[in-house]
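Structural overview for review
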Amino acid sequence: MRLALIAHDEKKPDLIEFAQNREDDLAHFDLTATGTTGKRLADATDLDIERKQSGPLGGDMQIGAEIASEECHGVVFLRDPLTAQPHEPDITALLRICDVHNVPLATNLASADAVLDELLYQLDVEFDPTE
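Residues numbered from 1 in each chain as written. Predicted model: local features only at pLDDT ≥ 70, side-chain atom pairs only at ≥ 80, totals over all residues. Heavy atoms only, no water.

1. Here's the deal with the packing of helix α4 (residues 59–68) against helix α5 (residues 88–100)
As a reminder, the rule being used: A fitted line through C-alpha atoms represents every axis, and for helices the fit uses only the stretch in contact; the resulting angles, taken between N-to-C directions, go from 0 to 180 degrees. Under the scheme used here, helices are H or I runs from DSSP no shorter than 4 residues and strands are E runs no shorter than 2 residues, and both carry numbers assigned from the N terminus. The labels follow the angle: roughly parallel below 35 degrees, roughly antiparallel above 145, roughly perpendicular from 65 to 115, and oblique for the rest. Whether a crossing is left-handed or right-handed is set by the direction in which the near helix is turned from the far one by less than a right angle, anticlockwise for left-handed and clockwise for right-handed. Should any heavy atoms of two residues lie within 4.5 Å, those residues are counted as being in contact. Charged means Asp, Glu, Lys or Arg here, nonpolar means Ala, Val, Leu, Ile, Met, Phe, Trp, Tyr, Cys or Pro, and polar covers whatever is left, Gly included.
One can describe the packing of α4 onto α5 by two numbers: an axis separation of 9 Å at closest approach and a directional angle of 15 degrees. Comparing the axis directions of α4 and α5 gives the class roughly parallel. Two packed elements cross with a definite hand, and for α4 against α5 that hand is left-handed. Two secondary-structure elements touch here, α4 through Asp60, Met61, Ile63, Gly64, Ile67 and Ala68 and α5 through Asp90, Ile91, Ala93, Leu94, Ile97 and Cys98. Residue composition of the contact of α4 with α5, grouped by class: nine nonpolar, one polar and two charged.

This is the structure:
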């Protein structure tokens, strides 16, 4: 099962902390991430992460294409709601493609935990949701 990890600049530290705290759980997935986010996650964890282009250079669209072709099964996208993004149309398209294909999408840490727990359940991996 493939899971995409994306974070805007101001949210990258939050995603890194999330990945460190849930590293054992994330290790059950085929992980992909946009450029800088993927590099920072790989540097901070032992997770194997396929890196796409940076979001503004098309990485969001690359992940969207995987969703459309049913190759990506969940997305954690920690967005910065207080900062305008130059590639906002790409972001909106990624959110829309998740909705169109009924792919779970987390946009904050609370929903990231929920999405990860549900995907683990779907994998039938034993996990303790109280951790």
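2. Section: α4
To be explicit about the condition: Exposure categories follow from relative accessible area, calculated using a 1.4 Å probe and restricted to protein chains: below 20% of the type maximum is buried, above 50% is exposed, and the middle band is partly exposed. In this description, the arc belongs to the directions extending from the helix axis to the C-beta atoms.
Regarding α4, the residues found buried are Gly59, Asp60, Ile63, Gly64, Glu66 and Ile67. The arc that holds the buried residues of α4, viewed along the axis, is 155 degrees, so those residues lie on one side. Check the buried side of α4 and you find it contacts β1 (2–7), β2 (30–33), β3 (49–51), β4 (74–78) and α5. In the segment just after α4, Glu70 is the residue with positive phi, at about 60 degrees.

3. Regarding the environment of Glu17
By the element assignment, Glu17 lies in helix α1 (residues 12–21). As a C-alpha pair, Glu17 and Ala44 span 27 residues in sequence and 8.8 Å in three-dimensional space.

4. A closer look at the pairing of β1
Let me state the cut-off plainly: Strands were regarded as paired on the criterion that DSSP finds at least two bridges between them.
Among the six residues that make up β1, six are buried, leaving the element largely enclosed by the rest of the structure. Here β1 shows no split at all, with Arg2, Ala4 and Ile6 on one side and Leu3, Leu5 and Ala7 on the other all buried. Looking at chain direction, β1 and β4 are connected through five bridges and run parallel. The residue of β4 that forms the bridge with Leu5 is Val76.

5. Observations concerning the sheet that holds β1
The strand order β3-β2-β1-β4-β5 describes an open sheet built from five strands, whose pairing is parallel. At either end of the open sheet lies a strand with only one pairing partner, and these are β3 and β5 (105–106). Across four bridges, β1 lies against β2 in parallel orientation. Bridged to Ala4 within β2 is Thr32. Contacts from α1 reach β1 and β4, with the element oriented near 145 degrees to β1. The sheet strands contacting helix α3 (residues 35–44) are β1, β2 and β3, and the helix crosses β3 at an angle near 150 degrees.

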